[in-house]
Amino acid sequence: MKADIIVIGGGASGMAAAICAARQGADVLILERMPRIGKKLLATGNGRCNYTNEAMGVQYYHSETRQFVAEVLEEFNAEDTLAFFADLGILPKSNQGYVYPNSMQAASVVDSLRFELERLGVKVMVDIDVSRIHPKGKGFQLESKSETFSCRRVILACGGRASEKLGSNGSGYQLAKGLGHRIVPVVPALTGLKAKEAVYKSLAGVRVEAEIVLHIDGEERDRHRGEVQLADYGISGIPVFQVSGRAAYGLNNRQRVECFLDFFPDTTYDALVRFLEKRKEHFKSSSLEVFETGLLNRKLIQVCMKLAGSEKGRLPNIKKLASVMKKFPASIVGSRGFDFAQVCAGGVDLKEVSSKNCESKHQPGVYIVGELLDADGICGGYNLQWAWATGCLAGTSAGKECHDSHRTN
Ligand SMILES: Cc1cc2nc3c(=O)[nH]c(=O)nc-3n(C[C@H](O)[C@H](O)[C@H](O)COP(=O)(O)OP(=O)(O)OC[C@H]3O[C@@H](n4cnc5c(N)ncnc54)[C@H](O)[C@@H]3O)c2cc1C
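Presented here is a report on the structure given in the accompanying data block. Because the structure is predicted, anything quoted here is derived from the model rather than measured.

**Description of the packing of aromatic side chains**
Right, so step 1: Counted by the stated rule, this structure contains nine aromatic pairs.
Right, so step 2: Relative to Phe328, the ring of Tyr200 lies with its centre 6.1 Å away and its plane at 90°, an arrangement referred to as edge-to-face. Pair noted here: Tyr200 is in helix H7 (residues 199-203) and Phe328 is in strand S17 (residues 328-335), with a separation of 128 residues, a long-range link. Here the two residues Tyr200 and Phe328 agree in accessibility, since each one is buried.
Right, so step 3: What links up through ring pairs into an aromatic cluster is the set Tyr60, Tyr61, Phe68, Tyr382 and Trp386.

And the structure:
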């Protein structure tokens, strides 16, 4: 089977790339290994699809080559994403800058992309797992178990290897490597972290507003605030997700990785000590339970009291208690891994790709987009923004190139 442009992967970046290429008049085919396209997209934002963020900028991304990320966002920013989706009939609804479709349904985002692909005559073949790409004549030959395909340009949009059950299984890294690309080590990001401390078993299910501070080999590397979820294995929730990629790199490098939870981020240590001293005085003839009430979730305050050295119903040292409440430890021994991760950090080295259109510098005619590249955003619509931006830039450029070469041939 032949096409001008073949897009490998019918996820967020692949669908955006195919639409933009077809709008330039190219004949486009999407090959997808799953039985349907857009499977992961349906699961995004808890089924609501947080597709971009009003506060956009390179500071919300991690990469070895952040300048590239800045250049891509300059070419295609959140407003371009809003305009791209408005053309498809998707109007935005913002929740504190996090942008969702007005329907609050990821299915409507997937459907709008599918309908546009249909309108433009983009062909889609599912259950096709591409295992090899090689240059042939003026274009490329692609191989799957059952069929061989040829095209003039290829857009690699295979995603990373997070949540494999939703499609992306890491095969994109192998395809890119086969074309000569260096892969920046890939680790799971936006996921929970496993802690060594046994106390987490008794804290499972507790949710608490906190600031999390990530230390690697004793040095502070990141901090985020929000609702932390305590689990039998350790810690989870959005602020934990935000630091999890950096934590995973630390573990990979065999460094000491620690998180500290501050349950009173708006109160200084000294002010907390004064407050607790006053409370101690006020309730000096009451039971420990009276002192504890209202300070934190009941399970959590009891663990804090124990860690601070409380014994036989006696109050612990107040300074020690304040320290535990402001620096609750989680010695990180692992991340929850790729199966539970929303995204991968690392990927194809951006230095080997053009920031104008994501074309490979090793293999002109091949474009690499989305999560497969070495860039990962924090929670909040940043990863999908990256998928739309890189997909649209590559698709438009590949489509134009095909159109121009048709005219000159
Ligand atoms: C549960 C969950 C919730 C998320 N929520 C959000 C959110 O609200 N906002 C946000 O910004 N980000 C979110 N993300 C992250 C976001 O979904 C991804 O970053 C984004 O989908 C990446 O787009 P992509 O096109 O690069 O890859 P994918 O969307 O993963 O698509 C890649 C596609 O390629 C196919 N494929 C892979 N290899 C081959 C091959 N060899 N041959 C053929 N096909 C192949 C896969 O089956 C897949 O369909 C979430 C992720 C998860 C898992």
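**Quick notes on the nonpolar core**
A general tendency of soluble globular proteins is for nonpolar side chains to be buried together.
Right, so step 1: Residues Ile8, Leu41, Phe84, Leu113, Leu142, Leu156 and Trp388 are the most contacted members of the largest nonpolar core, which totals 85 residues.
Right, so step 2: Not counting residues up to four positions away in its chain, the partners in contact with Leu113 are Met15, Ile19, Leu41, Phe84, Phe85, Leu88 and Trp388.
Right, so step 3: Ranked by size, the runner-up nonpolar core spans 42 residues in total, among them Leu193, Leu288, Ile301 and Leu321.

**Here we look at the pairing of strand S9 (residues 139-144)**
Right, so step 1: With respect to burial, S9 is a largely interior element, five of its six residues being buried.
Right, so step 2: The sheet contact formed by strand S8 (residues 130-136) and S9 spans six bridges and is antiparallel. In the sheet register, Val130 faces S9, and the bridge partner there is Ser144.
Right, so step 3: Counting the residues between successive antiparallel strands, the hairpin from S9 to strand S10 (residues 148-156) contains three residues.

**A closer look at the site of the ligand**
Right, so step 1: Around the ligand lies a shell of 33 residues, among which Ser13, Glu32, Gly45, Glu371 and Leu384 are the nearest.
Right, so step 2: In the model, an oxygen atom of the ligand is placed 3.3 Å from a nitrogen or oxygen of the Ala12 main chain.
Right, so step 3: At 2.9 Å, a backbone N or O of Gly45 approaches an oxygen atom of the ligand.
Right, so step 4: In isolation the ligand exposes 1000 Å². Once the protein is present, 94% of that is buried.
Right, so step 5: Among the elements of the structure, helix H1 (12-23), helix H2 (39-43) and helix H13 (382-408) are those that each provide at least two residues to the shell around the ligand.

**Points about the packing of helix H11 (residues 298-307) against helix H12 (residues 318-326)**
Right, so step 1: One way to put it is that H11 packs onto H12 with a least axis distance of 9 Å and a crossing angle of 130°. As the angle between them shows, H11 and H12 are arranged oblique. At the point where H11 passes H12, the crossing takes the right-handed sense. Contact residues: Ile301, Cys304, Met305 and Leu307 in H11; Lys320, Leu321, Val324 and Met325 in H12.
Right, so step 2: In the contact of H11 with H12, the residues fall into seven nonpolar, no polar and one charged.

How each quantity is defined
- Residues numbered from 1 in each chain as written.
- Predicted model: local features only at pLDDT ≥ 70, side-chain atom pairs only at ≥ 80, totals over all residues.
- Heavy atoms only, no water.
- Phe/Tyr/Trp six-rings, centres within 6.5 Å; stacked < 30°, edge-to-face > 60°.
- Helix = DSSP H or I, 4+ residues; strand = E, 2+ residues; numbered from the N terminus.
- Buried < 20%, exposed > 50% of the residue type's maximum accessible area, 1.4 Å probe, protein only.
- Core = buried A, V, L, I, M, F, W, Y, C linked by side-chain atoms within 4.5 Å.
- Contact = heavy atoms within 4.5 Å.
- Pairing = 2+ DSSP bridges.
- Near = heavy atom within 4 Å.
- Polar contact = N/O pair within 3.5 Å; in protein donor to acceptor, adjacent residues only side chain to side chain.
- Areas by Shrake-Rupley, 256 points an atom, 1.4 Å probe, with all protein chains shown as cover.
- Axes fitted to C-alpha atoms, helices over the stretch in contact; angles between N-to-C directions.
- Parallel < 35°, antiparallel > 145°, perpendicular 65-115°, else oblique.
- Left-handed = near helix turned anticlockwise from the far one by under 90°.
- Nonpolar A, V, L, I, M, F, W, Y, C, P; charged D, E, K, R; others polar.

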